[in-house]
Amino acid sequence: MIDFQWHVCREGYRWFQGEAYKELPPTGETHHGRYLIPAALDRHRRYIFTKLNSGLFRTVCATPLTGEGIRQFAEEYGPLCYGPFTVKVPTSTPGAFTLYCGDNGGDSFEGWIATLRALRWAVALWDMIHTEDTQQLRQYIRWDNQHTVSFRDGRNYVCIASLTSPLVHPDLLQSFGEQAPLLTPGDVIEPAREYLRTLVNRHLEGQVDVRLLWRLSNKRTPSIPDRHVHFQWCPKDLRAALWLQLAMTIEGEKEYRQCAQCEAWFEVNPPGDRVDKHYCSTKCRSAAYRARQEKTHLLYSEGTSLADIAFQLHTDIPTVQRWLSTTVPANRRRPRGRPRSQPAEPA
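Report follows, based on the coordinates.

Calculation rules
Residues numbered from 1 in each chain as written. Predicted model: local features only at pLDDT ≥ 70, side-chain atom pairs only at ≥ 80, totals over all residues. Heavy atoms only, no water. Helix = DSSP H or I, 4+ residues; strand = E, 2+ residues; numbered from the N terminus. Buried < 20%, exposed > 50% of the residue type's maximum accessible area, 1.4 Å probe, protein only. Contact = heavy atoms within 4.5 Å. Areas by Shrake-Rupley, 256 points an atom, 1.4 Å probe, with all protein chains shown as cover. Pairing = 2+ DSSP bridges. Axes fitted to C-alpha atoms, helices over the stretch in contact; angles between N-to-C directions. 1 Å grid on protein atoms, 1.4 Å probe; cavity = no way out; pocket = protein on both sides within 12 Å on 5 of 7 lines; lining within 4 Å. Points joined across faces, edges and corners; volume = space filled by probe spheres on them. Nonpolar A, V, L, I, M, F, W, Y, C, P; charged D, E, K, R; others polar.

1. Quick notes on the overall build of the protein
Right, on to step 1. Looking only at helices and strands, the protein features nine helices and 14 strands.
Right, on to step 2. Relative to its full complement of 347 residues, the protein shows a buried share of 41%.
Right, on to step 3. A separation of at least 24 residues holds for 58% of the contacts in the protein among residues at least 6 apart in sequence.
Right, on to step 4. Taken as a whole, the protein presents about 20700 Å² of accessible surface, with 50% of it coming from carbon and sulfur.

2. Observations concerning the sheet that holds strand S8 (residues 141–144)
Right, on to step 1. The strand order across the open sheet built from three strands is S8-S9-S10, with neighbouring strands paired in antiparallel fashion. Pairing within the sheet leaves two strands with one partner each, and these edge strands are S8 and strand S10 (156–162). Each adjacent strand pair in this sheet contributes to an overall mean axis angle of 30°, direction not counted.
Right, on to step 2. Pairing of S8 with strand S9 (residues 148–153) involves four bridges; the strand directions are antiparallel. Following the sheet pairing, tryptophan 143 is matched in S9 by valine 149.
Right, on to step 3. Each of S8, S9 and S10 is contacted by helix H5 (residues 189–204), which is oriented at about 105° to S10, the strand it contacts most.

3. A look at the layout of surface pockets
Right, on to step 1. Computed from the structure, the second largest pocket encloses a volume of approximately 670 Å³.
Right, on to step 2. Surrounding the second largest pocket, 26 residues form its lining, Thr59, Glu76, Tyr77, Cys262 and Ala264 being those nearest its centre.
Right, on to step 3. For the lining of the second largest pocket, the secondary-structure elements that each account for two or more residues are strand S4 (44–48), helix H1 (56–61), helix H2 (67–77) and helix H7 (282–301).
Right, on to step 4. Examining the composition of the lining of the second largest pocket, we find that five residues originate from one element, H2, more than from any other.
Right, on to step 5. For the lining of the second largest pocket, the per-class residue count stands at 13 nonpolar, nine polar and four charged.

4. Quick word on unusual backbone geometry
Right, on to step 1. Positive phi is not limited to glycine here, since glutamate 253 has a value of about 50°.
Right, on to step 2. Residue placement: glutamate 253 occurs in the loop between helix H6 (238–252) and strand S13 (256–258).
Right, on to step 3. Residue glutamate 253 is classed as partly exposed on the basis of its relative accessible area, which comes to 39%.
Right, on to step 4. In the Ramachandran plot, histidine 314 falls in the positive-phi region, its phi being about 55° despite a non-glycine side chain.
Right, on to step 5. Structurally, histidine 314 is set in the loop between helix H8 (306–312) and helix H9 (317–326).

Below, the structure written as structure tokens:
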């Protein structure tokens, strides 16, 4: 389980082009660039990671690599980390400025792009492994004389394991008694999994703590501990939480699906959920249901037959008739006392 709370500026975020510093007070090397800062100081709301955010690492991968796309993601889920830069923003008073630091600090545009690209690549690699897409993986895995296996990272090959070097995991290519080696010559799935494992570990190193916390009750008093404790993974910031989600996905071979209403990604078939679930939450399922009802009234007012309405909305004629007789379009209220009648086919 992930125990994580994060902050989002209530007033939104904006890009600032100017000076920033790695230290506070602002001394030492000056950095010039583009930084995402909150639109107002100390105006934050906090949210708790729940199963509704279980696919957030996939949602962020779909974020456009543009200033506007990043800003929109931040306004929904917050910055990637506690601002690594102290940003010096001039005020309307000549010679005066405001320092944006800590919760109000800024992350550079280059930092956002680097994180999104790294996470995108890791998720794409996992999808190739999970679906056993050997044709794609052969473009990245190279075996040399059955003694060394490497992974193509950009223009260079990174050695994954080698029998000729004691420093590059020769044990992965060795058999122990009746146990076959983990990596066998010609295979591309397990070498790619080993490379992905080291990649994710590199991004998680020093970014996640493990703590023993009280388990909160799910009953009438959800904020009161239920006298049980359990281990929780506690990422230090949103960036670490996203990489931790990917790590837990790899460990559990989890499946994800996009919500048919809001298009957010959510875990398919976690404990207590249906396999055929198409919405990330009850809120989205209700919104989609209302949208179908409104669409029914719109099509009926345009003269569409009940059979065609049922076909377009993937339902049956009795359901269409029930929606037309029991729901009223938002722009038209039914007078009180008017009898409800079963809708007939339009002329």
